[in-house]
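In case you want the letters, here they are:
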Amino acid sequence: MVGKPHIPLEDIRAQVADCTRCPLHEGRTNVVFGEGNPQARVLIVGEAPGKNEDLQGRPFVGAAGKYLDELLAIAGLERKDVFIANVLKCRPPGNRDPRPEEIQACTPFLREQTRTISPEYIVTLGNFSTKFILKTDTGITRLHGKPTKAGNFTVFPIFHPAAALYDRSKRVALEEDFATLGRLLGNEQPAAVD
Ligand code: URA
């Protein structure tokens, strides 16, 4: 059976740019569509833009983003290798949690991005993206670091990098999980330090 044709990323971007599907559009400076390699093997899905992302219109450019770059390096990856998107494309005021109706309004865009990019791996960062992608109520603490097959994709949940900025004990798990991701991708691992 022939599936629905994939929508070019630039067409999805144009739709997102004009989006007024939920009230978050009223407070945004910029939509954060996502960026990276349109043919990436790995799609990284965060939660929602924060203040810096809203100002710049780019994902993960604040403190969590700096740490994400270090974590990607552990997996043998750079930003240009992956595509980074979020569950929500507009910033919730004061960085509050996404609301169910906002997730419902916004995620058709993420679904189309995923179909078009067609990655092998979807790395879900934190609870919101993991729960949405895996359609589960199980929390990230139980799911992180365990690859799960979902349709054509392997979903690999990992703690949100921002969690480690508040709780340094999460760094060990984050760094181990990114090392596992590198192994799953068959990337060279940096030599262990004694
Ligand atoms: N946190 C997210 O989940 N996404 C971003 O783009 C930035 C911070």
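Right above here is the structure, for reference.
Predicted model only: the values in this text are computed from it and were never measured.

Attention now goes to the environment of Pro5. Position of Pro5 among the secondary structure elements: in the segment before helix H1 (9–17). Classification of Pro5 by relative accessible area gives exposed; the value is 65%. Sequence separation between Pro5 and Phe109 is 104 residues, and the spatial gap between their C-alpha atoms is 15 Å.

Turning our attention to the packing of aromatic side chains. Following the criterion strictly, the structure yields 0 aromatic pairs and no others. Positioned over the ring face of Phe159 is Lys170, at 5.2 Å from the centre of the ring. Stacked on the ring of Tyr67, the Lys or Arg Arg171 has its end atom at 4.4 Å from the ring centre.

Burial along strand S3 (residues 83–86) is two-sided: the residues Phe83 and Ala85 and Ile84 and Asn86 are all buried. With 2 bridges joining them, strand S1 (residues 35–36) and S3 adopt antiparallel strand pairing. The residue of S3 that forms the bridge with Gly36 is Phe83. Sheet topology note: the strand S2 (residues 42–46)/S3 ladder contains 4 bridges and is parallel. Within S3, the position partnered with Leu43 by the bridge is Phe83.

We now examine the site of the ligand. The environment of the ligand is formed by Gly46, Glu47, Ala48, Glu53, Pro59, Phe60, Asn86 and His160. Contacts to the ligand include Phe60, whose backbone N or O atom sits 3.0 Å from an oxygen atom. One of the side-chain N or O atoms of Asn86 is found 2.8 Å from a nitrogen atom in the ligand. Coverage of the ligand by the protein amounts to 91% of the 240 Å² it exposes when considered alone.

Summarising burial for S2: 5 of the 5 residues are buried, a large majority. Because side chains alternate across S2, one face comprises the buried residues Val42, Ile44 and Gly46, and the other comprises Leu43 and Val45, equally buried.

Between helix H5 (residues 100–117) and helix H6 (residues 126–134), the least distance of the axes is 12 Å, while the angle of their chain directions is 70 degrees. Between H5 and H6, the crossing angle belongs to the class labelled roughly perpendicular. On the side of H5, the interface is formed by Ile103, Thr107, Leu110 and Arg111, while H6 contributes Phe128, Phe132 and Ile133. Across the contact of H5 with H6, the residue classes tally to 5 nonpolar, 1 polar and 1 charged.

Scanning all chains against the criterion turns up 11 salt bridges. In this structure, Arg58 and Glu35 form a salt bridge, with 2.8 Å as the shortest nitrogen-oxygen distance. Here Glu35 lies in strand S1 and Arg58 lies in the loop between helix H3 (51–56) and helix H4 (63–74), a separation of 23 residues in the sequence. The exposure class assigned to Arg58 is partly exposed, which follows from its relative accessible area of 33%. Given the relative accessible area of 23%, Glu35 is considered partly exposed. When the shortest N-O distance is used, the salt bridge between Lys170 and Asp167 registers 3.2 Å. Judged by relative accessible area, Asp167 falls into the partly exposed class, the value being 29%.

The rules behind these values
Residues numbered from 1 in each chain as written. Predicted model: local features only at pLDDT ≥ 70, side-chain atom pairs only at ≥ 80, totals over all residues. Heavy atoms only, no water. Helix = DSSP H or I, 4+ residues; strand = E, 2+ residues; numbered from the N terminus. Buried < 20%, exposed > 50% of the residue type's maximum accessible area, 1.4 Å probe, protein only. Phe/Tyr/Trp six-rings, centres within 6.5 Å; stacked < 30°, edge-to-face > 60°. Lys NZ or Arg CZ within 6 Å of the ring centre and 35° of its normal. Pairing = 2+ DSSP bridges. Near = heavy atom within 4 Å. Polar contact = N/O pair within 3.5 Å; in protein donor to acceptor, adjacent residues only side chain to side chain. Areas by Shrake-Rupley, 256 points an atom, 1.4 Å probe, with all protein chains shown as cover. Axes fitted to C-alpha atoms, helices over the stretch in contact; angles between N-to-C directions. Parallel < 35°, antiparallel > 145°, perpendicular 65-115°, else oblique. Contact = heavy atoms within 4.5 Å. Nonpolar A, V, L, I, M, F, W, Y, C, P; charged D, E, K, R; others polar. Salt bridge = Lys/Arg side-chain N within 4 Å of Asp/Glu carboxyl O.

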